[in-house]
Amino acid sequence: MTDAVHDFARRIPHDRLPELLRRMPKAELHIHIEGSLEPELMFEMARRNDVKLAYSSVDELRRAYDFNNLQSFLDIYYAGASVLQTEQDFYDMCWAYLERAHADRVLRAEIFFDPQTHTVRGVPMGAVIEGLHRACQDAQTQLGIDAELILCFLRHLSEQEALDTLEEALPWRDRFIGVGLDSSEVGHPPEKFARVFARCGELGLHRVAHAGEEGPPAYIWSALDVLKAERIDHGVQSSKDAKLMQRLAQQRTALTVCPLSNLKLCVFPQLAQHNIRQLLEAGLAVTVNSDDPAYFGGYLNTNFIEIFAATGMDAGHAYQLARNSFEASFADAATRQRDIERLDRFFAEFA
Ligand SMILES: Nc1ncnc2[nH]cnc12
Ligand SMILES: [Zn+2]
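Residues numbered from 1 in each chain as written. Chains lettered and ligands numbered in written order. Predicted model: local features only at pLDDT ≥ 70, side-chain atom pairs only at ≥ 80, totals over all residues. Heavy atoms only, no water.

### Some thoughts on the overall build of the chain
Right, on to step 1. For the chain, the helix and strand inventory stands at 18 helices and eight strands.
Right, on to step 2. Scaling as 2.2 N^0.38, a compact globule of 351 residues should have a C-alpha radius of gyration of about 20 Å, and the chain matches this with 19 Å.
Right, on to step 3. Taking the principal axes of the C-alpha coordinates as reference, the chain spans close to 55 × 40 × 40 Å.
Right, on to step 4. Scored against the burial criterion, the 351 residues of the chain give a buried share of 60%.
Right, on to step 5. Carbon and sulfur atoms form 49% of the exposed surface of the chain, whose accessible area is close to 13500 Å². (Helix = DSSP H or I, 4+ residues; strand = E, 2+ residues; numbered from the N terminus. Rg over C-alpha atoms; globule rule 2.2 N^0.38 Å. Buried < 20%, exposed > 50% of the residue type's maximum accessible area, 1.4 Å probe, protein only. Areas by Shrake-Rupley, 256 points an atom, 1.4 Å probe, with all protein chains shown as cover.)

The structure is reproduced here in structure tokens:
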């Protein structure tokens, strides 16, 4: 941050913070598209595809969104994804997210998808990828959002299944920019996926991984050293390991932190106890993200507003978080620079 922007940001009064956070340009780097499927759209898809849900109404479904850890969420999340069957379903879900993100002043979105959740039910890989890709293209032309896809492997499945999934997706290689690793973390360390990530590196794909959401700092070390992950998704457990904190700060490896997700999955008992401010002030390249907004009570701006209210962060922190999101994105250098200039202009003009 330049000193001028920094000084200006520090003078913005706290009561204007929600407005600043809402209007500030930003990138979202950690969003599972299946986690953006709102109950209303889920019921609509269940109806049109003749899929039976375990809940009789939107209200009953929403009442079931009461989680005590990651697994209790994943069980409901995978059941919800069963309504997605056609290319149009994937398009509709992704378009709904992108419109919502646009309203939150997201200039760039890097969107995770879980193909194995769908191919195992007989949905063709092409229906998943083409539907999502078409929504990303329309978002570029109609909303001006830059949106890209990241294919995630489910870590509760085997490495061989991940390798098979990669092969199956290769005809659409130009439709995704990278790969990630998600699902049940504890008991499924990054090293289980060493070979498939090495192969993705050879293919020129970006690599990210969920690590240190519930799992230990050792998983963050191996995501970096074995998988060569360029960003760590969540990574909040890094504060338990001083050496790791030093490394992440020194390398400026981005952490895609998801405050409301961590609250809803009981990673932290209250938002006020979240360590995002500590991580940011220790010099880590922290970003704010929504993870699974339809399940965790808020899209990106709600995450910003609630975590700022709970931890007392100010406009200087807001600038740094937004700037980190652009610097950590996989956009080309000119696009990143353009977005950072937009951010600087926004802060200079905010009044
Ligand atoms: N928070 C999360 N952690 C791991 N896998 C996920 N898949 C969707 N959301 C996830
Ligand atoms: Zn996630």
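That was the structure; now back to the text.
### Describing the UniProt feature "active site" (unreviewed entry) in the chain
Right, on to step 1. Per the UniProt record, "active site" (unreviewed entry) is annotated on Glu213.
Right, on to step 2. Turning to its location among the elements, Glu213 is positioned in the loop between strand E5 (206-211) and helix H11 (217-225).
Right, on to step 3. Setting aside residues up to four positions removed in sequence, Glu213 forms contacts with Leu70, Glu185, His234, Gly235, Val236, Gln237, Ser261, Leu265, Val267 and Asp291. (UniProt positions renumbered as here; feature names shortened; annotations may be inferred. Contact = heavy atoms within 4.5 Å.)

### Overview of the nonpolar core
Right, on to step 1. Counting 123 residues, the largest nonpolar core has Leu98, Ile111, Phe153, Tyr295 and Phe347 as its most contacted members.
Right, on to step 2. It is helix H8 (residues 125-143) that contributes the most residues to this core, nine residues altogether.
Right, on to step 3. In contact with Phe153, other than residues within four places in its own chain, are Gln116, Ala162, Leu166, Val179, Gly180, Leu181, Asp182, Val196, Phe197 and Cys200.
Right, on to step 4. Phe112, Ile177, Val208 and Phe330 belong to the second largest nonpolar core, which has six residues in total. (Core = buried A, V, L, I, M, F, W, Y, C linked by side-chain atoms within 4.5 Å.)

### Looking at the state of the cysteines
Right, on to step 1. Under the definition given, this model contains zero disulfides.
Right, on to step 2. Left unpaired, Cys94 is separated from the closest cysteine sulfur, that of Cys136, by 4.3 Å. (Disulfide = S-S within 2.5 Å.)

### Side note on the coordination of the zinc ion (ligand 2)
Right, on to step 1. Around the zinc ion (ligand 2), the donor atoms from the protein are His30 (NE2), His32 (NE2), His210 (NE2) and Asp291 (OD), and they sit 2.0 to 2.2 Å away.
Right, on to step 2. Relative to the metal, the four donor atoms surrounding the zinc ion (ligand 2) lie at angles of 81 to 173°, and the coordination shape comes out irregular.
Right, on to step 3. Mapping the donors of the zinc ion (ligand 2) onto the primary sequence gives the spacing H-x1-H-x177-H-x80-D. Taken together, the residues span a long stretch of sequence, with His210 in strand E5 and Asp291 in the loop between strand E8 (285-288) and helix H15 (293-296) at a distance of 81 residues.
Right, on to step 4. Judged by relative accessible area, which is 3%, Asp291 ranks as buried. (Donors = N, O, S within 2.8 Å, 3.2 Å for Na, K, Ca; no water. Tetrahedral: all angles 85-135°; square planar, octahedral: opposite > 155°, others 65-115°.)

### Comments concerning the site of ligand 1
Right, on to step 1. Near ligand 1, the surroundings consist of His32, Leu70, Phe73, Leu74, Tyr77, Asp182, Ser183, His210, Glu213, His234, Asp291 and Asp292.
Right, on to step 2. Within the side chain of His32, a nitrogen or oxygen atom sits 3.4 Å from a nitrogen atom of ligand 1.
Right, on to step 3. Contact distances for ligand 1 include 3.5 Å between a nitrogen atom and a side-chain N or O atom of His234.
Right, on to step 4. In isolation ligand 1 exposes 260 Å². Once the protein is present, 100% of that is buried.
Right, on to step 5. According to the grid-proximity analysis, the pocket containing ligand 1 is the largest cavity.
Right, on to step 6. At four residues, the largest contribution of residues to the shell around ligand 1 is made by helix H5 (residues 70-80).
Right, on to step 7. In the shell around ligand 1, the residues fall into four nonpolar, four polar and four charged. (Near = heavy atom within 4 Å. Polar contact = N/O pair within 3.5 Å; in protein donor to acceptor, adjacent residues only side chain to side chain. 1 Å grid on protein atoms, 1.4 Å probe; cavity = no way out; pocket = protein on both sides within 12 Å on 5 of 7 lines; lining within 4 Å. Sits in = over half its atoms within 2 Å of the grid points. Nonpolar A, V, L, I, M, F, W, Y, C, P; charged D, E, K, R; others polar.)

### Some details on the pattern of salt bridges
Right, on to step 1. Overall, the coordinates contain 22 salt bridges when judged by the stated rule.
Right, on to step 2. Close ionic contact of Glu110 with Arg108 constitutes a salt bridge, the shortest N to O distance being 2.6 Å. In this structure, Glu110 and Arg108 share a single accessibility class: buried.
Right, on to step 3. A salt bridge links Arg247 to Asp225; its shortest N-O distance comes to 2.8 Å. Here Asp225 lies in helix H11 and Arg247 lies in helix H12 (residues 242-251), a separation of 22 residues in the sequence.
Right, on to step 4. Overall, the relative accessible area of 38% leaves Asp225 in the partly exposed class.
Right, on to step 5. Linked through salt bridges whose partners overlap, the residues forming this network are Glu44, Arg47, Arg48, Asp89 and Asp92. (Salt bridge = Lys/Arg side-chain N within 4 Å of Asp/Glu carboxyl O.)

### Some thoughts on helix H18 (residues 333-349)
Right, on to step 1. Taking 1.5 Å of rise per residue, 17 residues should cover 24 Å, and H18 covers 24 Å from first to last C-alpha, within 8% of that figure.
Right, on to step 2. For H18, the set of buried residues is Thr335, Asp339, Ile340, Leu343, Asp344, Phe346 and Phe347.
Right, on to step 3. The N-terminus of H18 is capped by Asp332, whose side-chain oxygen sits 3.2 Å from the backbone nitrogen of Ala334. (Expected span 1.5 Å × (residues − 1).)

### With respect to the pairing of E8
Walk down a regular strand and you will see the side chains alternate between the two sheet faces.
Right, on to step 1. Side-chain alternation along E8 places Ala285 and Thr287 on one buried face and Val286 and Val288 on a second face that is also buried.
Right, on to step 2. Alignment of strand E7 (residues 254-257) against E8, held across four bridges, turns out to be parallel. From the neighbouring strand, Val257 faces E8, where its bridge partner is Val288. (Pairing = 2+ DSSP bridges.)

### Looking at the side chain of Glu159
Right, on to step 1. Within the secondary structure, Glu159 sits in helix H9 (residues 159-169).
Right, on to step 2. The exposure class assigned to Glu159 is buried, which follows from its relative accessible area of 11%.
Right, on to step 3. If near-sequence neighbours (up to four positions away) are discounted, Glu159 is found in contact with Lys192, Phe193, Ala194, Arg195 and Val196.

### Quick notes on unusual backbone geometry
With the exception of glycine, most residues fall at negative phi, and the peptide bonds are largely trans.
Right, on to step 1. Notably, Ser183 is not glycine yet its phi reads approximately 80°, a positive angle.
Right, on to step 2. Among the structural elements, Ser183 can be located in the loop between strand E4 (178-182) and helix H10 (194-202).
Right, on to step 3. Look at Arg252: it is not a glycine, yet its phi comes out positive at around 55°.
Right, on to step 4. Among the structural elements, Arg252 can be located in the loop between H12 and E7.

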